[in-house]
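Structural features, examined
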Amino acid sequence: MTTTAPALTATARQTAADLAAVREQWGDLLAAIARPPAPEWPPRRTQDRVQDEALPDAPAIGRLPLTLREHPAPLNLDALDAACQVERALFESCDALAARVQRPPRRLEVRREDPFRGSVPMWSGVDPADYNDPARWHLPTVRDIGPGNAAHAGSRAHGLHWAAVWLEGRALDEPAGDLFAPTPPALLDALAGVAAHARRTVERALQRDGRTVTIDTPCPWCAGRLTGRTMAGGEPSVSCATGEGCAAPVLLDRGRRTWTGAELVGLYVAMQAAKERDRGRTGA
Ligand SMILES: [Zn+2]
């Protein structure tokens, strides 16, 4: 069934897109925490593919939120800092929005008939069905949440993914009965800022933030200059400055040998092999 909702603002759409980008890349960021920090190029995703072959037993990351768990010796502190910062910002946005736009749980009253006094209240309290509505965001019951207090974490216990989905719903004013009031423009603007910053933080930590870098290592096939590019949210690529004369086994893109996707693994392996050869030549 389609209903005619008021047209979404560009801010609402951008906010939802930024939040979706954060949750879609969240698994990569969690995986990055458990790996040693990598050199700038090739981008982490490529190195992960290489490392995955070398380390088949890499530790699995659970879904417990970062702010609620211990971090025994994380290998990449930058990735951990970025993830903790993003997680906290999204959780706090959920708490703040819920406090403003979410209807408190309804109360129920059970009455009984008294032969002398008529209808008298027997029990009153929060309606459990309304309280447990899965669309509802539950605030933490303690102010300062640390490891070991997961029982009081409210909806935070479901992790960043759910927080991002919940915020997307509020940014887009998705209907949920009378549970939510429309998100006021000032709150949407604040959420837009949080979402954009969170996305930048995640993409910077994963080196996917639209940078162009000259790679220190020359092309393993022709010794030409290699340039790496990342597009925000897009696939990274590396191109060789030499042009058609380069014998690298990849296609030409605008006259240059260009590696993308799985080809970057081949380039990375060839660069490592070339470095090893150089190291052997200069002699240790
Ligand atoms: Zn080349």
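It should be emphasised that the depicted structure is a prediction, and the values quoted were computed from it without experimental measurement. (Residues numbered from 1 in each chain as written. Predicted model: local features only at pLDDT ≥ 70, side-chain atom pairs only at ≥ 80, totals over all residues. Heavy atoms only, no water.)

1. Some remarks on the pairing of strand E2 (residues 118-126)
- With eight bridges connecting them, strand E1 (residues 107-114) and E2 associate as antiparallel partners. Paired with Arg111 across the bridge in E2 is Pro121.
- The turn linking E1 back onto E2 is made up of three residues. (Pairing = 2+ DSSP bridges. Helix = DSSP H or I, 4+ residues; strand = E, 2+ residues; numbered from the N terminus.)

2. Thoughts on helix H1 (residues 10-33)
- Given a rise of 1.5 Å per residue, 24 residues ought to cover 34 Å, and the 34 Å separating the end C-alpha atoms of H1 matches this to within 8%.
- Of all the bends found along H1, the most pronounced is centred on Trp26 and spans about 45 degrees. (Expected span 1.5 Å × (residues − 1). Bend = angle between axes of the 7 residues up to and from the residue.)

3. Remarks on the coordination of the zinc ion
- Coordination of the zinc ion by the protein is provided by Cys219 (SG), Cys222 (SG), Cys240 (SG) and Cys246 (SG), with metal-donor distances spanning 2.3 Å.
- Read from N- to C-terminus, the donor residues coordinating the zinc ion fall into the pattern C-x2-C-x17-C-x5-C. Taken together, the residues span a long stretch of sequence, with Cys222 in the loop between strand E3 (212-215) and strand E4 (226-229) and Cys240 in strand E5 (residues 237-240) at a distance of 18 residues.
- The exposure class of Cys222 is partly exposed, given its relative accessible area of 26%.
- Residue Cys240 is classed as buried on the basis of its relative accessible area of 0%. (Donors = N, O, S within 2.8 Å, 3.2 Å for Na, K, Ca; no water. Buried < 20%, exposed > 50% of the residue type's maximum accessible area, 1.4 Å probe, protein only.)

4. Some points on the sheet that holds E3
- If you trace the five strands from one edge of the open sheet to the other, you get E3-E4-E5-E7-E6, paired in antiparallel fashion. Sheet topology places E3 and strand E6 (252-253) at the edges, where each strand pairs with a single neighbour.
- Relative to E5, E4 is paired through four bridges, and the arrangement is antiparallel. Bridge assignment links Leu226 to a residue of E5, and that residue is Cys240.
- With respect to the sheet, helix H7 (residues 263-282) is in contact with E3, E4, E5 and strand E7 (256-260), its orientation differing from that of E7 by roughly 105 degrees. (Contact = heavy atoms within 4.5 Å. Axes fitted to C-alpha atoms, helices over the stretch in contact; angles between N-to-C directions.)

5. Section: unusual backbone geometry
- Of note in this structure, Asp173 is not a glycine but carries a positive phi near 50 degrees.
- The phi dihedral of Ala223 is positive, around 65 degrees, even though this residue is not glycine.
- Structurally, Ala223 can be placed in the loop between E3 and E4.

6. Considerations on the packing of H1 against helix H5 (residues 159-171)
- For the pair H1 and H5, interaxial distance at closest approach is 9 Å and the crossing angle is 170 degrees. Between H1 and H5, the crossing angle belongs to the class labelled roughly antiparallel. Across the interface between the two elements, Ala12, Thr15, Ala16, Leu19, Ala20, Val22, Arg23 and Trp26 of H1 pack against Leu160, His161, Ala164, Val165, Leu167, Glu168 and Ala171 of H5.
- Of the residues assigned to the contact of H1 with H5, the class counts are eleven nonpolar, two polar and two charged. (Parallel < 35°, antiparallel > 145°, perpendicular 65-115°, else oblique. Nonpolar A, V, L, I, M, F, W, Y, C, P; charged D, E, K, R; others polar.)

7. Some details on the pattern of salt bridges
- Per the stated rule, a full pass over the model turns up 14 salt bridges.
- Among the salt bridges present, the one from Arg136 reaches Asp130, with a minimum N-O distance of 3.3 Å.
- The class of Asp130 is buried, set by a relative accessible area of 7%.
- Here Glu203 and Arg199 are joined by a salt bridge, their closest N and O atoms 3.2 Å apart. Of this pair, Glu203 and Arg199 both sit in helix H6 (residues 185-205), separated by four residues, roughly a single helical turn. (Salt bridge = Lys/Arg side-chain N within 4 Å of Asp/Glu carboxyl O.)

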